[in-house]
Amino acid sequence: MSDDRTISRLPDGLWTQPEVSAPDLGDIGNIEPVQRIRVPAAMTYDYTPGEAPTRFLMGLAEKKILGEKCPVTGDVYVPPRGMSPAVGLPTSEQVEVGPKGSITSFCVVHIGFGVNAPPTPFVSALVLPDGAAVSVYGTVLEIPHDQVRIGMRVEPVWADDADLAPSFESIRHWRPIDEPDTPAELLKGHM
Amino acid sequence: MLSAPLVIEYPFNRTTGPVIGAFLTGLQAKRVLGIRGADGRVVCPPVEYDPQTGAPLTEMVEVGTEGEIVSWSWVERVRDGQPLDRPHALALVRLDGADTAMLHAVDASGPDAVRTGARVRIRWADELQGLIGDIACFELVDGDGGGA
């Protein structure tokens, strides 16, 4: 990375902004001055998703997007948490949604984050799978980032069969399909 | 039911600024720098602004690589990512020439070997990288070689 400001150097090799003085340290002059450090911070968890998310993740390993239905409103939640957030009752019926869906919101990412981030700029989006009441998070590729729009129809690109696993990473990304856009009013309340 | 390790990591990249940069550069030469505060006291590790007045500080001074334990506690169960992978003391160490203390690990055979006021010295890392970890830990000057 390039320096974002002018750095002056003291005769003894310590780098500094001009106003700081340092003692003569003699043999320190051959050392590359420290200007930037990597200080990663990590938290390590044992993650147990629970029963309903486990059912959902096992579905992804079979290229299925499985939601669960609210017994009162009929809304299908994905990923399911085992209960309806609207009425607080357990979801009982498992419903396959998608795999096609519509983009409900998106943003263009210019600074990639994490080891699996695609080359920038790319599009992160919320995708509403057909039949679901809420959107899932994903990456939209195979289209220039400035052509992505709300309502655009997309489908998941699954991992190779050998790489399918009970993980969100079984959906490698989403890509556009040649279908008419979903009108915005049908997406209202489903982000 | 599924269960899996989940690591949430933030890959921070930090510019050090002139004061911390000089401190870390010094560590690579096995030298320790503090900074003189507005009241003349030497703060080590150095800070960029005076703890009392907030004024920017500019005069870096070298302090010793030995010092004394000001306060400490014993770490019996060691978590990942600590300076030592065996039970050790965590201590506030005031280096000779400094008026404030730094927090670091002290290698000792057990809590009975550690006391406030005990003399300690820096044990340098095998590979110096310009990070605080260049100070691998402190060890007791009249010590027992640590808890190896």
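Since we're looking at a predicted model, the values are computed, not measured. (Residues numbered from 1 in each chain as written. Chains lettered and ligands numbered in written order. Predicted model: local features only at pLDDT ≥ 70, side-chain atom pairs only at ≥ 80, totals over all residues.)

## Thoughts on the overall build of chain B
Looking only at helices and strands, one finds one helix and ten strands in chain B. If you list the helices and strands of chain B from N to C, you get β-β-α-β-β-β-β-β-β-β-β. Counting every position in chain B, which comprises 148 residues, the buried fraction comes to 34%. Here the analysis covers contacts within chain B between residues at least 6 apart in sequence; of these, 50% occur between residues at least 24 apart. (Helix = DSSP H or I, 4+ residues; strand = E, 2+ residues; numbered from the N terminus. Buried ≥ 20, exposed ≤ 12 C-beta atoms within 10 Å, placed from the backbone. Contact = placed C-beta atoms within 7 Å.)

## Description of the sheet that holds strand S7 (residues 88–95) of chain B
Residue and element names in this part refer to chain B. Spatially, five strands are ordered S6-S7-S8-S10-S9 in a closed barrel, and the strand pairing comes out mixed. Each strand axis lies, on average, 50° off the axis of its neighbour in the sheet, ignoring direction. As paired strands, strand S8 (residues 102–107) and strand S10 (residues 135–140) are joined by two bridges and run parallel to one another. Residue pairing across strands places aspartate 107 opposite glutamate 139, the latter belonging to S10. (Pairing = 2+ DSSP bridges. Axes fitted to C-alpha atoms, helices over the stretch in contact; angles between N-to-C directions.)

## Looking at the environment of threonine 44 of chain A
Counting through the fold element by element, threonine 44 of chain A comes out in strand S4 (residues 41–47). C-beta crowding within 10 Å serves as the criterion here: with 12 such atoms nearby, threonine 44 of chain A is assigned to the exposed category. Once you skip the residues sitting within four places of it in the chain, threonine 44 of chain A turns out to touch Pro5 and Val7 of chain B.

## Remarks on the interface of chain A and chain B
Across the boundary between the two partners, chain A contributes 34 residues, which contact 35 residues of chain B. Secondary-structure elements contributing two or more residues to the side of chain A that touches chain B are strand S2 (15–16), strand S3 (36–38), S4 and helix H1 (51–60) of chain A. Here the element with the most residues in the side of chain A that touches chain B is S4 of chain A; it accounts for seven residues. Partitioning the side of chain A that touches chain B into residue classes produces 21 nonpolar, seven polar and six charged. Here S3 of chain A pairs with strand S2 (residues 13–15) of chain B via three bridges, running antiparallel. Among the inter-strand pairings, arginine 38 of chain A is bridged to a residue of S2 of chain B, identified as asparagine 13 of chain B. (Nonpolar A, V, L, I, M, F, W, Y, C, P; charged D, E, K, R; others polar.)

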